[in-house]
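Architecture and fold: a report
Given next are the chains, with one letter for each unit.
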Amino acid sequence: MLTRPVTGPSFDNRTPLKLVPTGANTRPVVDARATGQTTESLSANVEPGHSGDPWRADAIEAASGNRAAFERLYRAHAQRVYSICMRMVSDRNKAEELTQDVFVRVWQKLPTFRGDSAVSTWLHRVTVNVVLTQQKSDNATKNRAISDDEAIGIAPARAAFVGERLDLDAAIATLPRGARQIFVLHDVEGFTHEEIGEQLGISPGGSKAQLHRARMLLRQALSR
Amino acid sequence: MSDSASPHSAMCAQFEANLSNFLERALPGLEQQAMEAHVLHCASCSALRDDMHAIIALAATLPNLKASRDLWPDISARIDADITSINSARNIVAARAPRRISLQAFGIAAAALVMISSGATYAFMARAKDAAPSNTVANVAAPVATVPAGSTTVRSAPFIAVSNRPAESTYEHEIVALRRIVDERLGDLDSTTVFEIQRNLKIIDKAIADSRSALIKDPHSRFLSTQLNRALETKLDVLRRVVLL
């Protein structure tokens, strides 16, 4: 991913693209995504284990039933988990339910966590799995499968963000579900097309195509 | 934009079609160079590239969102409910002497599952073969009727991604919980009993995996869904029996 200043380029004779950060406190970019570390989590750190993962010790404690350790994991990761859920489903109530589901699942699965990735990375993967599982379950209940093309054409979820100008989060919320999921997973959360394809049951090529469509739709939405 | 038939607009169309690969520098060398040369001289494609860069950069810096309330109390309550149900089962099996148990019932259940699962897989494979003659599926054998008694050669069940049906999630929650107790319980039983239990659980897991495989390929099949439920119920039944030994 190239690093370029977030400016407002102009094209044709239309007004420049206006991109507004959705909050005053932007989270750290690469480091946070890779390691899950935030200022909040570092301030609540226990002494890191030998692997250097700041959450390994708490994960080990929580796996043996230490509720306080698990709450520390929750406090440090809840916002990120909720953000993933919210951006993928664009429904606040559902996102909060899914966030709870994620942490209950994490509590159940912690004893089986082998530590071959950072705790934060593993937790985020669990989050994506929980969201996708729930959505597939919803589809099964409605007794229809969602093909790649159909996912692109699904009516967009109602935007859950309110603002005078359409910021990126609000624009993401207007995307068709399939395109929204892939944009969030790839551009926001950093998953590869292969990983996305594996989780969504589509080809990496299909993932790329939907990402391209998502980006083009966002460009349209943000240029209004 | 230029006339749709002009080389310039054709390049613009090609640029847009290959935009994702261009941004990731994943195009073949000459093609990447051609796109870069084009974008230098095309205002609209240059703007498109810049807009994409901006969107990608901003997406990477989106801040975390906050839920409307603290979800910890609800999460903690759900975990408590989970622990209470497991501890109730633990209390029942708190003090038991090691003993050998007749495991005929486990063997019968496992053998029945193999028949059910094989039948489900056979039905699916036969239907798939009829529907798509060009498939490589061919010469599907009829299901095996029984598991040889005393057999010790049980293949490990292949890992199959978890199905996404709500009922299955419920089963799995209880299976995970019971499995923890069973793993502890096995320490109280003699080695022959443990061997038989584990052997039969492997057979059941294989049946579950087969059913899941078939269901992934034919997710709308009520028959396959029912078979998978039965397999999971059988596993639960076996685990409950072991817990109560």
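Read on for a plain summary of the structure.

Cut-offs and rules
- Residues numbered from 1 in each chain as written.
- Chains lettered and ligands numbered in written order.
- Predicted model: local features only at pLDDT ≥ 70, side-chain atom pairs only at ≥ 80, totals over all residues.
- Heavy atoms only, no water.
- Helix = DSSP H or I, 4+ residues; strand = E, 2+ residues; numbered from the N terminus.
- Contact = heavy atoms within 4.5 Å.
- Areas by Shrake-Rupley, 256 points an atom, 1.4 Å probe, with all protein chains shown as cover.
- Salt bridge = Lys/Arg side-chain N within 4 Å of Asp/Glu carboxyl O.
- Buried < 20%, exposed > 50% of the residue type's maximum accessible area, 1.4 Å probe, protein only.
- Core = buried A, V, L, I, M, F, W, Y, C linked by side-chain atoms within 4.5 Å.
- Axes fitted to C-alpha atoms, helices over the stretch in contact; angles between N-to-C directions.
- Parallel < 35°, antiparallel > 145°, perpendicular 65-115°, else oblique.
- Nonpolar A, V, L, I, M, F, W, Y, C, P; charged D, E, K, R; others polar.
- Phe/Tyr/Trp six-rings, centres within 6.5 Å; stacked < 30°, edge-to-face > 60°.
- Lys NZ or Arg CZ within 6 Å of the ring centre and 35° of its normal.
- Disulfide = S-S within 2.5 Å.

Let's talk about the overall build of chain A
Along its length, chain A carries 11 helices and 0 strands. In chain A, the order of α-helices and β-strands from amino to carboxyl end is α-α-α-α-α-α-α-α-α-α-α. Here the contacts in chain A between residues at least 6 apart in sequence split such that 62% fall between residues at least 24 apart. When the accessible surface of chain A is split by element, carbon and sulfur atoms take 49% of a total near 10,700 Å².

So, the pattern of salt bridges
Any two side chains of opposite charge can pair, on the condition that their charged atoms come close. A complete count under the given rule lists 17 salt bridges over all chains for this structure. Linking B:Asp80 and A:Arg67 is a salt bridge whose minimum nitrogen-to-oxygen distance equals 2.7 Å. Separated into two different chains, B:Asp80 in helix α5 (residues 72-92) and A:Arg67 in helix α4 (residues 67-89) make up a pair that spans both. Among the residues examined, B:Asp80 registers a relative accessible area of 37% and is labelled partly exposed. One salt bridge in this structure joins B:Lys206 and B:Asp210, with 2.8 Å as the shortest N-O distance. Highlighted residues: B:Lys206 and B:Asp210, both in helix α8 (residues 191-217), separated by 4 residues, approximately one helical turn. Overlapping salt bridges, with partners in common, bring together A:Glu71, A:Arg75 and B:Asp70 in one network.

Observations concerning the nonpolar core
By size, the foremost hydrophobic cluster in this structure holds 75 residues, and its most contacted members are A:Phe70, A:Leu110, A:Phe183, A:Leu218 and B:Ile75. The dominant element in this core, judged by the number of residues it contributes, is α4(A), at 13 residues. Ignoring any residue separated from it by four or fewer positions in sequence, one finds B:Ile75 in contact with A:Phe70, A:Tyr74, A:Gln100, A:Phe103 and A:Val104. In terms of nonpolar packing, the next biggest core, distinct from the first, is built from 23 residues, B:Ile181, B:Leu215, B:Leu224 and B:Leu236 among them.

A short note on the packing of helix α9 (residues 177-188) of chain A against helix α11 (residues 204-222) of chain A
Residues and elements named next belong to chain A. Relative to each other, α9 and α11 sit at 95 degrees, their axes nearing to 8 Å. Relative to α11, the element α9 is oriented roughly perpendicular. Of the residues in α11, those in contact with Gly 178, Ala 179, Ile 182, Phe 183, His 186 and Asp 187 of α9 are Ser 207, Gln 210, Leu 211, Ala 214, Arg 215 and Leu 218. In terms of residue class, the contact of α9 with α11 is built from 6 nonpolar, 4 polar and 2 charged.

Section: the packing of aromatic side chains
Evaluated as defined, the whole model comprises 7 aromatic pairs over all chains. Note on A:Phe70 and A:Phe103: the rings are 6.3 Å apart at their centroids and 70 degrees apart in plane angle, and the pair reads as edge-to-face. Taken together, the positions of A:Phe70 in helix α4 and A:Phe103 in helix α5 (residues 92-109) put the pair 33 residues apart, joining distant regions of the chain. The same class applies to A:Phe70 as to A:Phe103, namely buried. Each residue in the set A:Phe70, A:Tyr74, A:Phe103, A:Trp107 and B:Trp72 is aromatic and connected to the rest through ring pairs, giving one cluster. Above the ring of A:Trp107, the side-chain terminus of A:Arg67 is found at 5.4 Å from the ring centroid.

A closer look at the packing of helix α3 (residues 29-41) of chain B against helix α4 (residues 43-60) of chain B
The axes of two packed helices give the description: the angle between them and the distance between them. Residue and element names in this part refer to chain B. Running from N to C, α3 and α4 cross one another at 110 degrees; their axes reach a closest spacing of 6 Å. Here α3 is positioned roughly perpendicular relative to α4, judged by the angle of their axes. For the pair α3 and α4, the contacting residues are His 38, Val 39 and His 41 in the first and Ala 43, Cys 45, Ser 46 and Arg 49 in the second. For the contact of α3 with α4, the class distribution of residues is 3 nonpolar, 3 polar and 1 charged.

Some details on the state of the cysteines
Residues and elements named next belong to chain B. Inspection of every chain in the model, using the stated rule, returns 0 disulfides over all chains. Its sulfur unpaired, Cys 12 is 3.6 Å from the next cysteine sulfur, which belongs to Cys 42. Exposure remark for Cys 12: the relative accessible area of 5% places this residue in the buried category.

Some details on unusual backbone geometry
Even without a glycine there, the phi angle at A:Ser90 is positive, about 55 degrees. Mapping A:Ser90 onto the fold places it in the loop between α4 and α5. Of note, the phi angle at B:Arg25 is positive, near 55 degrees, even though the residue is not glycine. Within the element layout of this structure, B:Arg25 appears in the loop between α2 (19-23) and α3. By relative accessible area, which is 54% here, B:Arg25 ends up exposed.

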